[in-house]
Amino acid sequence: MDETDCRILNILRKNARISNKELAQRVNLSPSTALERVRKLYRDGVISGCETRINCAKLGLGLTVLISLTTDEKLCDHHVAKELVNFPEIVEIYDISGEANYLLKVVTSDTKTLHELMNRIGRIDGVKSSKTTLVLGMFKEEISPEITIPEKQ
């Protein structure tokens, strides 16, 4: 990884659909060299894929909540998470430390469907309690952080 790779990653994280020609121009490389660098970033696993961001509100999915979920699982026993991954309303599941075991990001249409989801979650063996936080708005949403090369000492 060098500074050029960082520049490529930062351009692609903002617009994965940029043409190779435009990418090459923005990083001062030939198109073939830029393409080879991108392919190497994929091969090395630095880039794991490209996704389409969907405006959920435009599809009637305007309610986003964060749920802190507490379970009675032993450390490293993730049977609850293995069931949660099957719920389409849950878009992110984090294994966290602290009072709760998991932090869930949920996108749904309204409070009725959220209530139904909470009932389904509550029926999972091992779920003890939950705390739900309503998301009122978002100031920043990034899939990946800006990439920089650490300065050498």
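Residues numbered from 1 in each chain as written. Predicted model: local features only at pLDDT ≥ 70, side-chain atom pairs only at ≥ 80, totals over all residues. Heavy atoms only, no water.

Peer 1: Got a minute to help me understand the sheet that holds strand β1 (residues 63-71) in this structure?
Peer 2: Backbone-to-backbone hydrogen bonds pair the strands of a sheet. The strands run either parallel or antiparallel. With antiparallel pairing, the four strands of this open sheet are ordered in space as β2-β3-β1-β4. Only two strands of the sheet have a single neighbouring strand rather than two, namely β2 (90-95) and β4 (127-134). Each strand axis lies, on average, 20 degrees off the axis of its neighbour in the sheet, ignoring direction. As defined by bridge partners, β2 adjoins strand β3 (residues 102-108) across five bridges and the pair is classed as antiparallel. (Pairing = 2+ DSSP bridges. Helix = DSSP H or I, 4+ residues; strand = E, 2+ residues; numbered from the N terminus. Axes fitted to C-alpha atoms, helices over the stretch in contact; angles between N-to-C directions.)

Peer 1: I would appreciate a short explanation of the side chain of Glu-73 in the present structure.
Peer 2: For Glu-73, the location among the structural elements is in the loop between β1 and α4 (79-84). Reaching out from Glu-73, the side chain makes a polar contact with the side chain of Thr-71 at a distance of 3.1 Å. Within the structure, Glu-73 has its side chain in polar contact with the backbone nitrogen of Val-80 (distance 2.8 Å). Non-local contacts of Glu-73, meaning those with residues more than four positions away in its chain, are made with His-78, His-79, Val-80, Ala-81 and Tyr-102. (Polar contact = N/O pair within 3.5 Å; in protein donor to acceptor, adjacent residues only side chain to side chain. Contact = heavy atoms within 4.5 Å.)

Peer 1: In this structure, what is going on with the nonpolar core? I would like to understand it.
Peer 2: For soluble globular proteins, the rule of thumb is that nonpolar side chains tend to be buried together. By size, the foremost hydrophobic cluster in this structure holds 18 residues, and its most contacted members are Leu-69, Leu-84, Leu-104, Val-106 and Ile-121. Of all the elements in the fold, those that place two or more residues in this core are β1, α4, β3 and α5 (111-122). Once residues within four sequence positions are removed from consideration, Leu-104 is found in contact with Val-65, Leu-66, Ile-67, Leu-69, Leu-84, Ile-90, Glu-92, Ile-93 and Ile-121. Listed in part, the 10 residues of the second largest apolar core include Ile-8, Leu-9, Val-27 and Val-38. (Core = buried A, V, L, I, M, F, W, Y, C linked by side-chain atoms within 4.5 Å. Buried < 20%, exposed > 50% of the residue type's maximum accessible area, 1.4 Å probe, protein only.)

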